[in-house]
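Overview (structure and organization)
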Amino acid sequence: MQSAPSATTGRLHRVGSVSIKVAQASAPVAAPQSHGPQNQPLDEKGLQQCWDAMLNAMKEELPKLSEQLKDKKLNIEQEDFFTIEVNNSYLESEIKPHLIRMLTYMRNRSGRPNLNCKIVVVYEEKEAVVYTPRDKYDVMQKSNPALDTFRVLFPEVDY
């Protein structure tokens, strides 16, 4: 006669969780290389110097972006916050992938670990060009209201 297998033989027992402690070697963290005093607020001149140094450093790796950013206006909004004014959203999308590296360089250069920025797109207003005949007529009518009289006298004329 065969004996029935016991309930515990042949089954896997799962443990709810496993914890493994791995000793990590502690590497010394390099202090940021500070070129400016930390206790003074960052002014326009100091910000511009950091910006120019950052652009010079990225000339070799990203010459096109460096050239595009050369004459951009920087505005200090708060103590460690500034804005970069660009004139189109294409340039904004070109800057964004490199923004972390740019800020890291500027933070190390200025000695301000909390330095941050935002890209602001400033669109230039341009006078619209009219294309359709009705738009052209409306523009001409604003400058010369007597045009309505001619329209009544000559209804067949295309405008």
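See above for the structure.
Now for a description of the structure that goes with this document. (Residues numbered from 1 in each chain as written. Predicted model: local features only at pLDDT ≥ 70, side-chain atom pairs only at ≥ 80, totals over all residues. Heavy atoms only, no water.)

**Describing the packing of helix H1 (residues 44-57) against helix H4 (residues 99-110)**
Formally: Fitted lines through C-alpha atoms serve as axes, helices being fitted only where they are in contact, and the angles separating the N-to-C directions of these axes extend from 0 to 180 degrees. Helix numbering and strand numbering both begin at the N terminus, where a helix is a DSSP run of H or I of at least 4 residues and a strand a DSSP run of E of at least 2. These descriptions rest on fixed angle ranges, namely under 35 degrees for roughly parallel, over 145 for roughly antiparallel, 65 to 115 for roughly perpendicular, and the rest for oblique. Each helix crossing is assigned a hand: it is left-handed if the near helix lies turned anticlockwise from the far helix by less than a right angle, otherwise right-handed if that turn is clockwise. Here, residues are in contact when the closest pair of their heavy atoms is within 4.5 Å. Gly falls in the polar group here, along with every residue not listed as nonpolar (Ala, Val, Leu, Ile, Met, Phe, Trp, Tyr, Cys, Pro) or charged (Asp, Glu, Lys, Arg).
Where H1 contacts H4, the two axes come as close as 9 Å, and the packing angle between them is 125°. Taken together, the axes of H1 and H4 lie oblique to each other. For the pair H1 and H4, the crossing hand works out as right-handed. Residues Leu47, Cys50, Trp51, Ala53, Met54 and Ala57 of H1 form the contact with H4, whose own contacting residues are Met102, Tyr105, Met106, Arg109 and Ser110. Partitioned by chemical class, the residues of the contact of H1 with H4 number nine nonpolar, one polar and one charged.

**Remarks on the side chain of glutamate 92**
By the element assignment, glutamate 92 lies in helix H3 (residues 89-95). Other than its neighbours up to four places away in sequence, glutamate 92 contacts Val86, Ile119 and Val121.

**Points about H1**
Because an α-helix completes one turn every 3.6 residues, residues spaced three or four positions apart along the sequence face the same direction. This is how the line gets drawn: Expected span, for any helix, means 1.5 Å times one less than how many residues it has. For the exposure calls, accessible area comes from a 1.4 Å probe over protein chains only, and a residue counts as buried if that area is under 20% of its type's maximum, exposed if over 50%, partly exposed in between.
With 14 residues, H1 extends 20 Å between its outermost C-alpha atoms, agreeing within 8% with the 20 Å of an ideal straight helix rising 1.5 Å per residue. Taken residue by residue, H1 has Gly46, Leu47, Cys50, Trp51, Ala53, Met54 and Leu55 as its buried positions.

**Examining the nonpolar core**
Applied cut-off: Remark: nonpolar core denotes a set of buried residues (Ala, Val, Leu, Ile, Met, Phe, Trp, Tyr, Cys) joined through side-chain atoms within 4.5 Å.
By size, the foremost hydrophobic cluster in this structure holds 24 residues, and its most contacted members are Trp51, Phe82, Ile95 and Met106. Listing elements by their share of this core, those giving two or more residues are H1, helix H2 (63-69), strand E2 (81-86), H3, H4 and strand E3 (116-121). The element contributing the most residues to this core is H1, with five residues. In this view, isoleucine 95 contacts Leu65, Leu69, Val86, Met102 and Ile119; residues no more than four positions away in its chain are not counted.

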